[in-house]
Amino acid sequence: MYASLPTWLAIVAGGVAGCLGLWLVLFLIARVPFGALGGHPGKQLWSVLFMVPVPAILDVAGRAGILFEPALAIALAWLALAPSTATKLYFDPETAGWGRTIGLNLVYGVIALAVYYQVLLATIMV
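Everything numeric in this text was worked out from a predicted model, so none of it was measured. Starting afresh in each chain, residues are numbered from 1 along the sequence in its written order. Local features in a predicted model are, by the rule used here, given only for residues with pLDDT of at least 70; side-chain atom pairs are given and counted only at 80 or more, and totals for whole chains, interfaces and linings are based on all residues. The side-chain figures draw on all heavy atoms in the structure; neither hydrogens nor water molecules are used.

Mapping Ser84 onto the fold places it in helix 4 (residues 68-91). A distance of 2.9 Å separates a polar atom in the side chain of Ser84 from a polar atom in the side chain of Asn105. Segments assigned H or I by DSSP are reported as helices when at least four residues long, segments assigned E as strands when at least two residues long, and all are numbered from the N terminus. Counted as a polar contact is a pair of N or O atoms within 3.5 Å, where, for protein atoms, one must be capable of donating a hydrogen and the other of accepting one, and residues adjacent in sequence contribute only when both atoms are in side chains.

In this section: helix 2 (residues 41-51). The buried label applies to any residue whose accessible area, calculated with a 1.4 Å probe on protein chains only, is under 20% of its type's maximum; exposed applies above 50%, and partly exposed to all values in between. Residues Gln44, Ser47, Val48, Phe50 and Met51 constitute the buried set of helix 2. Here the buried residues of helix 2 occupy an arc of 160° about the axis, which is enough to place them on one side. Residues of helix 2 that are buried make contact with helix 1 (5-30), helix 3 (54-63), helix 4 and helix 5 (98-125). Arc definition: it is the arc formed by the directions from the helix axis to the C-beta atoms. The contact criterion used is simple: two residues touch if any of their non-hydrogen atoms lie within 4.5 Å.

Moving on, we come to the nonpolar core. Within this scheme, the nonpolar core is defined by two criteria: the residues are buried Ala, Val, Leu, Ile, Met, Phe, Trp, Tyr or Cys, and they are joined through side-chain atoms within 4.5 Å. Grouped together as the largest cluster of nonpolar side chains are 26 residues, with contacts concentrated most on Met51, Val54, Leu79, Tyr108 and Tyr116. Of all the elements in the fold, those that place two or more residues in this core are helix 1, helix 2, helix 3, helix 4 and helix 5. Ignoring sequence-local partners within four residues, the contact set of Val54 consists of Tyr2, Ala75, Trp78, Leu79, Leu113 and Tyr116.

Without other data, these values stay purely geometric and don't point to any function.
So, in structure tokens, the structure goes:
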């Protein structure tokens, strides 16, 4: 799975799109400047790094006989909880409360997974 170029393209595209989508939501609700999230190279990198385990999560879930939707929910939980934990405990402990942080990172996760699958489907069709 990780030896496949389409997988890596999907990981990177998903992470970048998720970060940009989260920035757009934060801009609309709190006027967060582009450079603070969407245009910040470090935050883009972390957004991609949080996507790296997603193919393994989905693969392990599938091998364990877990249906697609619950496996997707597990991956989405990872994409909401891992960045939230990093944000609250390491990056910026003074941010919003846990609930809002998890909710916003859920937005990142939904967008990241949607783009991840779109890229994978596009590469299969080629």
